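Okay, here's what each chain looks like letter by letter:
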Amino acid sequence: MKKPICSTGLRWLWLVVVVLILDLGSKQLILQNFSLYESIPLIPYFNLAYAQNFGAAFSFLADKDGWQRWFFALIAIAICITLLVMMYRSSAKQKLSNIAYALVIGGALGNLFDRLVHGFVVDFIDFYVGEWHWPTFNIADSAICIGAALIIIESFTSPGDKKASSKEQSSKNSH
């Protein structure tokens, strides 16, 4: 039996498009206006700095022979497919989880685009304190992290937990 798309979590796919537009647009601006490793201070503790990441988070596996590009691309595709299925199976009313899934999908697709087109991910957000710099990242990475945090938060407030705790409470009250 088919469900109307608007009644499923796929209703939130517009957020994937927003993340992609912001991510790919910002990366294109960096590619057009910055030289590799060029850095421009914007405010204290924050620079725009063009970097290329051939690995994953924190440049994990960046020093390998290139196989990691395809490995991370396959992981991104698998994650996107899995989350799309989860969104289809969930109700549009489950806002927090669907927003989280959409953010992760948008970020994964933004970085996947970079891997497939450029062979690396374009990073440009640079936070620092003194000489210490957080690893440079991008809008896709931010969306993935926010989405993952929302998934964790949602796991602590899931309806299944509330139902179980309300059943326990009602059985305690009846004794």
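Residues numbered from 1 in each chain as written. Predicted model: local features only at pLDDT ≥ 70, side-chain atom pairs only at ≥ 80, totals over all residues. Heavy atoms only, no water.

Quick notes on the sheet that holds strand 3 (residues 121–129)
Reasoning step 1: What the 4 strands build is an open sheet, ordered 1-2-3-4; its pairing is antiparallel. Here the strands that pair on one side only, and so sit at the sheet edges, are strand 1 (39–43) and strand 4 (132–133).
Reasoning step 2: Sheet analysis places strand 2 (residues 46–53) next to strand 3, joined by 6 bridges and oriented antiparallel. Note on strand 3: the bridge partner recorded for Asn 53 is Val 121. (Pairing = 2+ DSSP bridges. Helix = DSSP H or I, 4+ residues; strand = E, 2+ residues; numbered from the N terminus.)

Concerning the nonpolar core
Reasoning step 1: By size, the foremost hydrophobic cluster in this structure holds 20 residues, and its most contacted members are Leu 83, Met 87, Ala 102, Leu 103 and Ile 105.
Reasoning step 2: Secondary structure elements with two or more residues in this core: helix 1 (13–33), helix 2 (67–89), helix 3 (95–117) and helix 4 (139–156).
Reasoning step 3: The residues touching Leu 83, leaving out its near neighbours within four places in the chain, are Tyr 101, Val 104 and Ile 105.
Reasoning step 4: The next biggest cluster of nonpolar side chains, apart from the first, holds 9 residues, and it includes Ile 30, Phe 34, Phe 120 and Phe 137. (Core = buried A, V, L, I, M, F, W, Y, C linked by side-chain atoms within 4.5 Å. Buried < 20%, exposed > 50% of the residue type's maximum accessible area, 1.4 Å probe, protein only. Contact = heavy atoms within 4.5 Å.)

Points about the UniProt feature "transmembrane region" (unreviewed entry) in the protein chain
Reasoning step 1: UniProt annotation of "transmembrane region" (unreviewed entry) refers to residues 12–30, 67–87, 99–117 and 137–157 when read in the numbering used here.
Reasoning step 2: With 100% helix and 0% strand, the stretch residues 99–117 has end C-alpha atoms that lie 27 Å from each other.
Reasoning step 3: Secondary structure across residues 137–157 divides into 86% helix and 0% strand, with the first and last C-alpha atoms of the span separated by 29 Å. (UniProt positions renumbered as here; feature names shortened; annotations may be inferred.)

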